[in-house]
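# Observations on the three-dimensional arrangement
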Amino acid sequence: MTATANACPDIEQLPGTVDIVKTFGYTILEVAMIIMEYVKQKPHGRVVKTPLSPLIVENIDNCVQKCKELMEKFKLRLGITLHKNVKKLFEDIGEEKFYDWLKAPDPSSSLTEADNKHTSGTGTWFLEDPRYSSWKDNNMLLCILGKAGCGKSVLCSSIIYHMQDICKLKNSCAVVYFFDGRHGDQQGKFQDKMICAFIKQLLDQQALMPGILLDDFKRGYKAPVKTLEAAFEHMVTCFNHVYIVIDALDECQEQIKLLNWISKVKDNTKVHLLVTSRDYQHITIQLEGNGGPTESIKLHTLIEMILGCIWIMKYKEWIGMERPKSK
């Protein structure tokens with residue numbers, strides 16, 4: 001706590017609220033006084049620990065709770081401060097100039113297009129699936145696999161909107177997405193475009209601008225993919241949870257590079273990664289074979305489900321038929 005307070009002396013002070021840095025100092029003194037109460041120094045430097053009285057235990061519990069509340073307030077103030085700093089930085093360097101330089105594609109049009117195909121109740125089963133709930137709460141890779149036309153993109157749009165609603169209600173939580181891999185291949189390399197889109201989306205959600213990205217911008221250099229990856233990884237540290245949703249991975253023309261990036265980024269404990277793809281063996285092997293928790297959900301087309309139902313009904317009809325008695 002002391003190091004945190006000293007590192008952020010200029011943190012944003014909200015009118016009518018306590019001074020966080022000063023309160024940190026007062027709380028540290030309270031902790032020191034509690035320690036003094038139950039640790040007594042004896043001659044020759046030996047330390048004797050006395051049993052904790054109920055009053056001291058109560059003071060410790062109160063102090064722990066106060067520290068937790070202070071840290072939550074500090075995170076909120078820090079977020080406000082960072083947002084103002086980023087906003088000022090954008091004003092200094094020119095926000096439009098920076099985004100023109102970044103050339104981040106906007107996948108929202110593809111997202112809207114898929115969502116327009118959504119009918120009421122579609123995807124509800126998935127949002128209630130325990131595997132999806134586990135993905136929301138834990139660092140893991142969730143793969144949605146299925147043939148073309150089985151509704152992966154429509155389901156993906158529901159997931160993205162659902163996670164956006166959740167992140168609006170939570171502090172230090174962000175969701176980024178790249179919707180439909182074909183969108184990125186129209187104007188350049190898919191992976192570069194995807195990470196640029198992620199960077200812009202995190203900036204829109206109050207992430208701190210990485211210095212390595214600013215350096216290339218100021219020099220007028222095109223940022224190489226390694227710089228973009230490093231910048232994105234740095235920005236992820238601004239949040240407790242970052243949900244990454246990538247649709248139509250199988251449409252990407254740089255699958256090996258992208259799969260390698262996914263294998264690397266999924267090890268970040270703050271990342272929750274979800275991808276959709278057709279069920280190609282080389283993709284599933286790569287996704288599931290690089291360690292870390294991975295879960296796969298396979299979807300079926302409407303025709304497959306109808307044929308399956310017909311087959312079951314015919315089978316039940318067949319086993320229910322009377323058999324000719326043997327003579």
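Residues numbered from 1 in each chain as written. Predicted model: local features only at pLDDT ≥ 70, side-chain atom pairs only at ≥ 80, totals over all residues. Heavy atoms only, no water.

Here we take up the pattern of salt bridges. For the structure on display, the rule yields seven salt bridges. Linking Asp204 and Lys200 is a salt bridge whose minimum nitrogen-to-oxygen distance equals 3.3 Å. Placement of the pair is Asp204 and Lys200 together in helix 10 (residues 190-204), with a separation of four residues, close to one helical turn. Its relative accessible area of 47% is what places Asp204 among the partly exposed residues. Residue Lys200 is classed as partly exposed on the basis of its relative accessible area of 27%. With a closest N to O distance of 3.2 Å, Asp279 and Lys298 form a salt bridge. With Asp279 in the loop between strand 6 (271-277) and helix 14 (281-288) and Lys298 in strand 7 (residues 294-298), this pair connects stretches of sequence that are 19 residues apart. (Salt bridge = Lys/Arg side-chain N within 4 Å of Asp/Glu carboxyl O. Helix = DSSP H or I, 4+ residues; strand = E, 2+ residues; numbered from the N terminus. Buried < 20%, exposed > 50% of the residue type's maximum accessible area, 1.4 Å probe, protein only.)

Turning next to the environment of Asp106. Looking at where Asp106 falls in the secondary structure, it is placed in the loop between helix 4 (95-102) and helix 5 (108-116). For the pair Asp106 and Lys200, spaced 94 residues apart in sequence, the C-alpha separation works out to 9.2 Å.

Mapped onto the fold, Gln255 is located in helix 13 (residues 255-265). Within the structure, the side chain of Gln255 is placed 2.8 Å from the backbone oxygen of Asp250, a separation counted as a polar contact. With residues up to four places along the chain from it excluded, the contact list for Gln255 reads Leu249, Asp250, His282 and Ile283. (Polar contact = N/O pair within 3.5 Å; in protein donor to acceptor, adjacent residues only side chain to side chain. Contact = heavy atoms within 4.5 Å.)

Okay, the sheet that holds strand 6 next. Here five strands make up an open sheet; going across it, the order is 4-5-6-3-7 and the pairing parallel. Edge strands, defined here as strands with exactly one partner in the open sheet, are strand 4 (173-178) and strand 7. The sheet shows a mean angle of 15 degrees between the axes of neighbouring strands, taken without regard to direction. As paired strands, strand 3 (residues 141-145) and strand 6 are joined by five bridges and run parallel to one another. Note on strand 6: the bridge partner recorded for Cys143 is Val275. Of the strands in this sheet, strand 3, strand 5 (241-246), strand 6 and strand 7 touch helix 7 (residues 130-137), which is tilted by about 140 degrees from strand 6. In this fold helix 13 packs onto strand 3, strand 5 and strand 6, with an angle of close to 150 degrees to the strand it touches most, strand 6. (Pairing = 2+ DSSP bridges. Axes fitted to C-alpha atoms, helices over the stretch in contact; angles between N-to-C directions.)

It is worth spelling out the confidence of the model for the chain at this point. This prediction gives the chain a mean pLDDT of 77; 73% of its residues lie at or above 70. Within the model, pLDDT remains below 50 along residues 183-188, and this stretch shows 16 contacts once partners closer than five positions in the same chain are excluded. (pLDDT = per-residue confidence, 0-100.)

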